[in-house]
Amino acid sequence: MSELIKEFKGKKLEEWETWYLNKYPEAIERAKTKILQMMGNLKEVITLIDAQMIEAWVKDLVIVKTFVGLKFQEAIMKRVAATMGKGYRMSDPEDEAKGIDGYIGEIPTSIKPQTYESKQMLPEIIGVHIIYYEKVKDGINIFFEDF
């Protein structure tokens with residue numbers, strides 16, 4: 001949609017509606033149909049969720065994903081700090097609440113997947129240096145600017 005709005009030369013909402021619906025007359029109906037299908041799928045599978053499934057999901061989140069995620073963050077911090085010839089430390093709960101994952105030297109840092117960079121609509125403003133990573137077949141790629 002952001003590309004389409006660049007194409008649109010008008011200034012008013014009514015002009016946009018007319019322009020869009022003339023260019024894509026079936027778009028609203030197709031979107032409605034797709035959403036209704038998804039709602040039907042959701043209604044169907046929601047009855048399959050039980051206490052055992054929820055417990056397994058919570059256990060995976062709290063035990064596995066927390067452990068792997070935090071160890072992953074620490075490995076990235078350690079690698080970047082070594083590359084820069086600096087020390088590092090992981091954040092405390094107060095820093096975590098601010099979006100800080102750790103410090104390289106004295107510089108607060110956050111670690112995010114590279115896909116985070118493209119999600120400009122996210123309302124979160126961290127205000128610290130961000131290290132991006134990308135999981136690849138044989139490991140991870142780390143992207144950062146010297147700081």
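Not measured: the values here are computed from a predicted model.

Considerations on the nonpolar core
- If you look at the biggest cluster of nonpolar residues, it comprises nine residues: I76, M77, V80, A81, M84, I104, I111, I131 and Y133.
- Elements that contribute at least two residues to this core include exactly α4 (51-84) and β4 (129-136).
- The dominant element in this core, judged by the number of residues it contributes, is α4, at five residues.
- When sequence neighbours within four positions are dropped, the list of residues in contact with M84 reads I104, F144, D146 and F147.
- By size, the runner-up hydrophobic cluster in this structure holds five residues, among which are L4, F8, W16 and A27.

Notes on the sheet that holds β4
- The five strands are arranged β1-β2-β3-β4-β5 in an open sheet whose pairing can be described as mixed. Lying at the two open borders of the sheet, with one neighbouring strand each, are β1 (88-90) and β5 (139-143). Recorded for the sheet is a direction-independent mean angle of 30° between the axes of neighbouring strands.
- As defined by bridge partners, β1 adjoins strand β2 (residues 102-104) across three bridges and the pair is classed as antiparallel. The residue of β2 that forms the bridge with M90 is G102.
- Against the sheet, α4 touches β1, β2, β3 (107-113), β4 and β5, its axis set at about 165° to β1.

Here's the deal with the confidence of the model for the chain
- Of all residues in the chain, 93% have pLDDT values of 70 or greater, and the mean over the chain is 89.
- Confidence, read as mean pLDDT per element, is least for helix α6 (residues 114-117) in the chain (77) and greatest for helix α3 (residues 27-46) (96).

Re the pattern of salt bridges
- If you walk through the whole model with that rule in mind, you get five salt bridges.
- Note that K23 is salt-bridged to E7, the shortest N-O span being 3.1 Å. Of this pair, K23 sits in helix α2 (residues 13-23) while E7 sits in helix α1 (residues 2-7), placing them 16 residues apart in sequence.
- Residue classification places K23 among the partly exposed positions, given a relative accessible area of 39%.
- We note a salt bridge from K98 to E94, for which the minimum N-O separation is 4.0 Å.
- Its relative accessible area of 56% is what places E94 among the exposed residues.

Definitions and limits used
- Residues numbered from 1 in each chain as written.
- Predicted model: local features only at pLDDT ≥ 70, side-chain atom pairs only at ≥ 80, totals over all residues.
- Heavy atoms only, no water.
- Core = buried A, V, L, I, M, F, W, Y, C linked by side-chain atoms within 4.5 Å.
- Buried < 20%, exposed > 50% of the residue type's maximum accessible area, 1.4 Å probe, protein only.
- Helix = DSSP H or I, 4+ residues; strand = E, 2+ residues; numbered from the N terminus.
- Contact = heavy atoms within 4.5 Å.
- Pairing = 2+ DSSP bridges.
- Axes fitted to C-alpha atoms, helices over the stretch in contact; angles between N-to-C directions.
- pLDDT = per-residue confidence, 0-100.
- Salt bridge = Lys/Arg side-chain N within 4 Å of Asp/Glu carboxyl O.

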